[in-house]
Amino acid sequence: TAPNGAPQRYQAGRYIEATDYPNWEPLGTLMTPLYETAATLRDDSAIHAEIERIRAQTESPRERAEAVLTLVQDRVRYVALAMGEGGYVPATADETWARRYGDCKAKTALLLAMLRPLGIDAEPVLANIDGRDGLPDLLPRVGQFNHVLVRATIDGRTYWFDGTRTGDRKLDTIETPPFRWGLPVL
């Protein structure tokens with residue numbers, strides 16, 4: 001019996017873990033082609049027009065990032081989709097934009113597809129929103145993660161873009177998420 005107030009990791013009963021991965025890095029590498037493919041726009045993509053509209057509005061990377069984040073949060077509904085291939089393969093940015101809804105994976109791919117052409121350094125980061133504080137002590141496996149967001153670097157500062165949220169209008173008001181651990185998708 002776990003003591004009252006113990007961290008969540010103590011609430012788990014007995015279990016066995018198994019993995020083929022020697023450490024966490026190969027998991028990030030495993031996910032890389034999924035997000036690179038999903039964030040690649042077709043030549044005839046309607047998203048190119050949105051990118052050019054934002055590019056024409058301002059030269060400021062901060063303002064461009066704010067415009068992209070606002071667009072993804074406001075014009076694409078969040079719908080949790082955890083089906084097919086373990087629920088880890090993101091829908092393409094083009095598909096997400098066309099249907100105007102997506103889960104965290106799809107919205108992350110859309111953010112990447114728009115931020116990168118605007119010169120903003122951005123990468124997906126897998127996270128666990130359940131607040132697990134002992135994640136590094138567990139064996140590396142994809143199932144440890146249940147969310148993905150974007151880590152963007154603008155003018156030397158790191159920002160966390162979560163396409164599933166709403167209302168993030170200014171970079172200075174976006175709070176660092178409370179997730180204890182994240183795995184960059186390299």
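Draft legend 1. Molecular detail of the overall build of the chain. Across its full length, the chain holds five helices and six strands. Walking the chain from its N terminus toward its C terminus, one meets helices and strands in the order α-α-α-β-α-β-α-β-β-β-β. For a compact globule of 186 residues, the expected C-alpha radius of gyration is about 16 Å, and the chain comes in at 18 Å, within 12% of that figure. Long-range pairs, those at least 24 residues apart, make up 69% of the contacts in the chain with a sequence separation of at least 6. Of the accessible surface of the chain, which amounts to about 10200 Å², a share of 50% is contributed by carbon and sulfur atoms. For the chain, the distance from the average position of its 22 positive side-chain charges to the average position of its 26 negative side-chain charges is 5 Å.

Draft legend 2. Structural detail: helix H3 (residues 61-75). Taking 1.5 Å per residue as the helical rise, H3 with its 15 residues ought to reach 21 Å, and the 21 Å between its terminal C-alpha atoms agrees with that figure. Of all the positions in H3, only Arg64, Ala65, Glu66, Val68, Leu69, Leu71, Val72 and Gln73 are classed as buried. Considering only its buried residues, H3 is in contact with helix H2 (47-57), helix H4 (93-99), helix H5 (104-115), strand S4 (147-154) and strand S5 (157-161).

Draft legend 3. Local environment of the sheet that holds S4. Pairing within the open sheet is antiparallel, and its four strands lie in the order S5-S4-S3-S6. Edge positions in the sheet fall to S5 and strand S6 (182-184), since each has one partner strand and no second. Sheet twist, expressed as the mean angle between neighbouring strand axes with direction ignored, is 35°. Here strand S3 (residues 121-127) runs beside S6; their pairing, made up of three bridges, is antiparallel. Pairing of Ala127 across the sheet is with Gly182, part of S6. Here helix H1 (residues 25-38) sits on the sheet in contact with S3, S4 and S6, set at roughly 60° to S6.

Draft legend 4. Geometry of the environment of Leu69. Structurally, Leu69 is set in helix H3. Sequence separation between Leu69 and Asp155 is 86 residues; the distance between their C-alpha atoms is 17 Å. Ignoring sequence-local partners within four residues, the contact set of Leu69 consists of Leu111, Phe161, Asp162, Asp168 and Ile174.

Draft legend 5. Representation of the packing of aromatic side chains within the structure. Within the structure shown, the criterion is met by one aromatic pair. Taking 5.7 Å as the distance between ring centres and 80° as the angle between the ring planes, the aromatic pair formed by Trp24 and Phe145 counts as edge-to-face. On the criterion of sequence distance, the pair formed by Trp24 in the segment before H1 and Phe145 in the loop between S3 and S4 is long-range, its members being 121 residues apart. On the basis of relative accessibility, which here comes to 4%, the residue Phe145 falls in the buried class. When the ring centre of Tyr101 is taken as reference, the NZ or CZ atom of Arg99 above it lies at 4.6 Å. Here Arg100 stacks its cationic end above the ring of Trp97, 3.7 Å away from the centre of that ring.

Draft legend 6. Quick look at the pairing of S3. Counting buried positions along S3 yields five of seven residues, so the element is predominantly enclosed. Two elements, S3 and S4, share seven bridges in a ladder whose sense is antiparallel. Bridged to Asp121 within S4 is Thr153.

Draft legend 7. View of the packing of H3 against H5. In the contact formed by H3 and H5, the axes pass within 10 Å of each other and the chain directions differ by 150°. On the basis of their axis angle, the class for H3 and H5 is roughly antiparallel. The interaxial crossing formed by H3 with H5 has right-handed handedness. Counted together, Ala65, Val68, Leu69, Leu71, Val72 and Gln73 of H3 and Lys107, Leu110, Leu111, Met114 and Leu115 of H5 form the full contact between these two elements. Of the residues assigned to the contact of H3 with H5, the class counts are nine nonpolar, one polar and one charged.

Rules used throughout
- Residues numbered from 1 in each chain as written.
- Predicted model: local features only at pLDDT ≥ 70, side-chain atom pairs only at ≥ 80, totals over all residues.
- Heavy atoms only, no water.
- Helix = DSSP H or I, 4+ residues; strand = E, 2+ residues; numbered from the N terminus.
- Rg over C-alpha atoms; globule rule 2.2 N^0.38 Å.
- Contact = heavy atoms within 4.5 Å.
- Areas by Shrake-Rupley, 256 points an atom, 1.4 Å probe, with all protein chains shown as cover.
- Lys, Arg positive; Asp, Glu negative; His and termini not counted.
- Charge placed at Lys NZ, Arg CZ, Asp CG, Glu CD.
- Expected span 1.5 Å × (residues − 1).
- Buried < 20%, exposed > 50% of the residue type's maximum accessible area, 1.4 Å probe, protein only.
- Pairing = 2+ DSSP bridges.
- Axes fitted to C-alpha atoms, helices over the stretch in contact; angles between N-to-C directions.
- Phe/Tyr/Trp six-rings, centres within 6.5 Å; stacked < 30°, edge-to-face > 60°.
- Lys NZ or Arg CZ within 6 Å of the ring centre and 35° of its normal.
- Parallel < 35°, antiparallel > 145°, perpendicular 65-115°, else oblique.
- Left-handed = near helix turned anticlockwise from the far one by under 90°.
- Nonpolar A, V, L, I, M, F, W, Y, C, P; charged D, E, K, R; others polar.

Just geometry here; none of it tells us what the structure is for.
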